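Remarks on the overall topology
Residues per chain, in single letters:
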Amino acid sequence: MCLMPSIGRDDVARLADLARIQLTDEEIDRFAGEFDSIMDAVASVSEVATEDVPATSHPIAMTNVFREDVVENTLTQEQALAGAPDAQDGRFAVPQILGEE
Amino acid sequence: MSAATDIELVDYDEAISRFDPVLGIEVHVELGTATKMFDGAPNIFAAEPNTAITPTSLGLPGALPVVNHKAVEYAIRIGLALNCSIAENCRFSRKQYFYPDLTKNFQTSQYDEPICYEGWVDVELEDGEIIRVEIERAHMEEDAGKNTHVGGSTGRIHGATHSQVDYNRAGVPLVEIVTKPIPNTKGRAPEVAAAYVRTLRDIFRALDVSEAKMERGNVRADINVSLRENPEAELGTRTETKNVNSFRSIERTVRYEISRQAGVLDAGEKIIQETRHFHEDTGGTSSGRPKSDAEDYRYFPEPDLVPVAPSREWVEEIRGSLPELPAARRRRLLGEWGFTDLEMRDAINAGALDLIESTVAAGTSAQSARKWWMGELARVAREQDSELEELAVTPAQIAELQGLVDGKKINDKIAKQVLTKVLSGQGDPAAIVEKDGLAVVSDDSVLTGAVDQAIADNPDVVAKIQGGKIQAIGALIGPIMKATRGQADAGRVREIIMEKLGVS
Amino acid sequence: MTPPMNDIIRRSAAAQAAALNAGEVSSEELTRAHLDRISAVDGDLNAFLHVDQDAALATARDIDSRRADGEELHALAGVPIAVKDVVVTEGQPTTAGSKILEGWIPPYDATLVTALREAGLPILGKTNMDEFAMGSSTETSAYGPTRNPWDRDRIPGGSGGGSAAAVGSYEAPLAIGTDTGGSIRQPGAVTGTVGVKPTYGSVSRYGLIAMASSLDQAGPVTRTVEDSALLHELIAGHDPHDSTSLTDPVGSFAAAARSKDVKGLRVGVIEELEGEGFAPEVSARFTESLEQLERAGAEIVRVSCPNFRYALGAYYLIMPSEASSNLAKFDGMRFGLRVIPEDHPTAENVMKATRGAGFGDEVKRRILLGTYALSAGYFDAYYGSAQKVRTLVQRDFAAAFEQVDVLASPTSPTVAFRLGEKVDDPMAMYMNDIATIPANLAGTPGISIPSGLAEDGLPAGIQFLAPARADERLYRVGGALEALLEDSWGGPLLAKAPELTSGAK
Ligand SMILES: [Mg+2]
Ligand SMILES: [Zn+2]
């Protein structure tokens, strides 16, 4: 079977960054300690996942499920903002965004 | 700051003389459907913030997407108009990255299986040269919400203390059209880029799939530019300038990037593959966010949607219903109207083609229709700073007006007065002429009196005419037109004068 | 509580519906009796995260007056129900067992909730669950674990431990669960109750807070097979708001449950799901159940599903991958918790702090694993391979169903384990789902019913699986075996559960 590279502290930190989850050092250590054995256990899938086997992404195969172009289900601004941590002028207020304009 | 900020721009013509530019353009068009791509929220431009939304377009927990049938049809229309193949089977994927304008922190898009692929479109340049642009793919996806930056000096992201987000635009259906590398444009690269986007814009409008207003962001272009030493060399590293929103900005972006990249290469540095931003004020581009984790979008097939498999019957039905496309129409009208290439291009650029065509359809000659729309009406539009189609006059009214001129009911000068009255909402041309008594006076009893008066007032002119200088008649006609407030039938006046003076 | 009410809440939902119809009791009385039961015992069990007494009683009174007016009502009208907290309910808090959604009130109803409201079932409240349905013990809930009514030091299964415990302790006659890898069936097995995972797409997913979109399916949690059938009929049906919703007409599940006829039914025993790893008494109850069926005229056949051994691996790739994506929206921007870090509170850092503080261990673990499996360079080896295994598992099912009408296995390898016993060993926890996962991968339906008491006098379950869209078969075999076993036990298995004498809320 194919051997996947082991997942170290740096990898966990990078994944946490990619997934936008702040982890404590203790959490990083703990996950780094677990992930190799979990991934080893699941990597067995590659033993049988050969070229000739097609992938199944939906358990029940269907195609062409559409909706008509008709307005429905709309929320009011009040409903939309009711659960917002912060709102201003009918908009969601979010912290300072750095990066692209 | 990277060293690239110190780079000296190379003069554009010089850059072109030493480098071969290659373009690549990604155009996003917002479809003019009634609702969004994956939910029943209205797809409207101006609304109170966060009112054109449903649980789905707000990305609320539990909400699910369902594909808008109309949006798929529009995507296929676009694909067919761009000579693409339409996939027998395609699917949506999730493009994952965190950003506050994305309600789910992924964009539902098409990745490895676009609905349209492998097409082309011919782009006509100013001088009539035609460049064929190869299309790599056209795929369906959804738009993001809109951030307003607060607390900074200029409403820009930099220096802002926080942002406000409106998700009315989130989930609006988009089709993204991606070209293959566009080679061999040489010094015309800026013009080609703008003309390509303009061509697409016109096609979207003809297909009636989008209002395609650049200024509203209905059509947005990402401009990729790279340089290579010569047309045989491998492609150079490209930069992608995002969201360039006007034809002029597109030209300036390409120009600037060619000069800048030439400067970087001359300095012995490498072009960095990055996204850049165009600045209207300086005409330059600047480096965007350096690519780090944004590169790893973790695409995977959207498990909440099933594949789209347009039947061949449906595709052919759509193909059969495609309207005449702008290029074909242009060719047809050119033949029918007998315009020069220049007249045609001017009419297109002024957005007058539809108006002229309707005016002609209402019975006016093509040249007369052109004269009105490209002459007097274009002048009025400029004065009012508006578009021709926004003027308060219809092609039918123009045709009626020209009909009055052709029937000698009024002359050109009066026609302009009548037009002014039409534009100010006083009614249709014939009614105005009637009501205000503007019809040409050709009643000899009225005209003879005026002629007699003019002959009596201008003995020296009379002498000249009788002495053989027939062209001096104009000096008599002027006062007569004045006396009749311009309504006299100038031809008849001339005849009467000549009779009275016995010349011929 | 008056003795008659104490008696009536122990009846099946179908019997309670009959009592309402007969005028023996009003929906208001019935609903109040269940609310009283919740007050009396839920302090200990912690099956409910939120109880909405006023709304439940208002619905009950409405149904009572409509019944008095002679209106034609749904068969289950007036029978109260509990809803797993992963299902959104307009105006009622919905947390999915997570701190990140604490206090969130959805502005809309899940489609299945709309169906419940239209049919007039008073919704008692929202049941506890593993955070975002990630777990097999309900211990990962941010609001404390639910306890097993049979032994309050034991887990009630998961992720739907709250729904199973509520039904098993007579707090509710009916509950809604969701099953991504066994979260309806395994809690059913370890609490001595009945749970059904319908064919994927049978019940709309619109309004279910997604864990893994291609695996999630909502279904009934009840004390009898007939009750599950009735509830399944109520919540099933095409929903245009869910692209994966089936358009098939809903089957006659209740009639199948009542038929009690297994003559000639071919039951396949899956070789890969017995023996090693399965507790001896759990296996013994399973074998006895098969013997009962055989005596009633069923044919027992041994079948092999060789690729099932890869199912767990495929599941633990597909599920975290989809979950990592589905849970990206919980970022503190639009709803739910927002944590603002002291230095540099940019949007990016607020998202990180919010997710760091708002998600528990298991959720973080799965998001990170899913992020890894989908990241550049690994997709083909992990997610891609797992989807191929999915095809192989479907082929195994197809081959097996050429030979038999239904498949059978123990639902869970063991009886309920002790709280805390496996929390530090994710792989050991994941093994609980070994028998239930293949159905989720293949989209096929499954039912778990009690098979008797096993180790430590605790309940065990037997699972039946049917081909996709053949959910009726589950009710047929389940209803028949239930009757046979209850005959042999002299009553329902739950009657053997210890009385809950304390535990007021
Ligand atoms: Mg782009
Ligand atoms: Zn795009």
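For the structure itself, look to the data block above.
Nothing here was measured: the structure is a model prediction, and the numbers come from that model. (Residues numbered from 1 in each chain as written. Chains lettered and ligands numbered in written order. Predicted model: local features only at pLDDT ≥ 70, side-chain atom pairs only at ≥ 80, totals over all residues. Heavy atoms only, no water.)

1. Points about the interface of chain B and chain A
Taken together, the contacts link 57 residues of chain B with 39 residues of chain A. Both faces combined, the contact of chain B with chain A buries some 4,100 Å², and carbon together with sulfur accounts for 56% of it. There are zero salt bridges connecting chain B and chain A. The tally of links from chain B across to chain A stands at 21 residue pairs in polar contact (both at pLDDT 80 or more). When residues of the side of chain B that touches chain A are traced back to their parent elements, those giving at least two are strand E2 (67-68), helix H2 (69-81), strand E8 (146-150) and strand E9 (162-166) of chain B. Sorting elements by how many residues they give to the side of chain B that touches chain A places E9 of chain B first, with five residues. In terms of residue class, the side of chain B that touches chain A is made up of 27 nonpolar, 18 polar and twelve charged. (Contact = heavy atoms within 4.5 Å. Buried area = accessible area lost by both parts, 1.4 Å probe. Salt bridge = Lys/Arg side-chain N within 4 Å of Asp/Glu carboxyl O. Polar contact = N/O pair within 3.5 Å; in protein donor to acceptor, adjacent residues only side chain to side chain. Helix = DSSP H or I, 4+ residues; strand = E, 2+ residues; numbered from the N terminus. Nonpolar A, V, L, I, M, F, W, Y, C, P; charged D, E, K, R; others polar.)

2. Considering unusual backbone geometry
Residues apart from glycine generally show negative phi values, whereas peptide bonds are mostly found in trans. Cis rather than trans, the peptide bond between Gly158 of chain C and Ser159 of chain C has omega equal to 5°. Position of Ser159 of chain C among the secondary structure elements: in the loop between strand E3 (123-127) and helix H6 (161-168).

3. Points about the pairing of strand E1 (residues 20-30) of chain B
Residues and elements named next belong to chain B. With eleven of eleven residues buried, E1 is to be regarded as a mostly interior element. Neither face of E1 is left uncovered, since the one carrying Asp20, Val22, Gly24, Glu26, His28 and Glu30 and the one carrying Pro21, Leu23, Ile25, Val27 and Val29 both have all their residues buried. Across ten bridges, the pairing between E1 and strand E11 (residues 219-228) is antiparallel. The residue bridging Val22 from the neighbouring strand is Ser226, located in E11. Relative to strand E10 (residues 173-179), E1 is paired through five bridges, and the arrangement is antiparallel. Within the sheet, the bridge partner assigned to Glu30 lies in E10 and is Leu174. (Buried < 20%, exposed > 50% of the residue type's maximum accessible area, 1.4 Å probe, protein only. Pairing = 2+ DSSP bridges.)

4. Details of the pattern of salt bridges
In the structure shown here, the tally under the stated rule is 76 salt bridges over all chains. The salt bridge partner of Arg492 of chain B is Glu499 of chain B, with a shortest N-O separation of 3.9 Å. A salt bridge links Asp179 of chain C to Arg185 of chain C, with the shortest nitrogen-to-oxygen separation between them at 2.9 Å. Accessibility expressed as a relative area gives 0% for Asp179 of chain C, which makes it buried. Taken together, the shared-partner salt bridges connect Glu324, Arg329, Arg332, Glu336, Asp354 and Glu357 of chain B into one network.

5. Focus: the coordination of the zinc ion (ligand 2)
All names here are of chain B. Coordination of the zinc ion (ligand 2) by the protein involves His28 (NE2), Glu141 (OE) and Glu176 (OE), with metal-donor separations of 1.9 to 2.1 Å. Ordering the donors of the zinc ion (ligand 2) by residue number gives the pattern H-x112-E-x34-E. The distance between the zinc ion (ligand 2) and the magnesium ion (ligand 1) is 5.5 Å. Of this pair, His28 sits in strand E1 while Glu141 sits in strand E7 (residues 130-142), and the two are 113 residues apart along the sequence. (Donors = N, O, S within 2.8 Å, 3.2 Å for Na, K, Ca; no water.)

6. Details of the nonpolar core
With 183 residues, the main nonpolar core has Leu112, Leu116, Phe132 and Phe464 of chain C as its most contacted residues. Beyond its immediate chain neighbours, meaning those up to four positions away, Phe464 of chain C contacts Val267, Leu293, Val406, Leu407, Ala408, Pro445, Gly446, Ile447, Leu474, Val477 and Leu481 of chain C. With 70 residues, the next largest nonpolar core counts Leu125, Ile135, Ile223 and Val254 of chain B among its residues. (Core = buried A, V, L, I, M, F, W, Y, C linked by side-chain atoms within 4.5 Å.)

7. Overview of the interface of chain A and chain C
The interface of chain A with chain C comprises 57 residues on the first partner and 65 residues on the second. The contact between chain A and chain C buries some 5,200 Å² in all, and 67% of this surface belongs to carbon and sulfur atoms. The largest per-residue losses of area from chain A upon contact with chain C belong to Arg20, Pro59 and Ile60 of chain A, which jointly make up 13% of the total buried on that side. On inspection of chain A and its partner chain C, the count reaches four salt bridges.

By themselves, these figures tell us nothing about what the structure is for.
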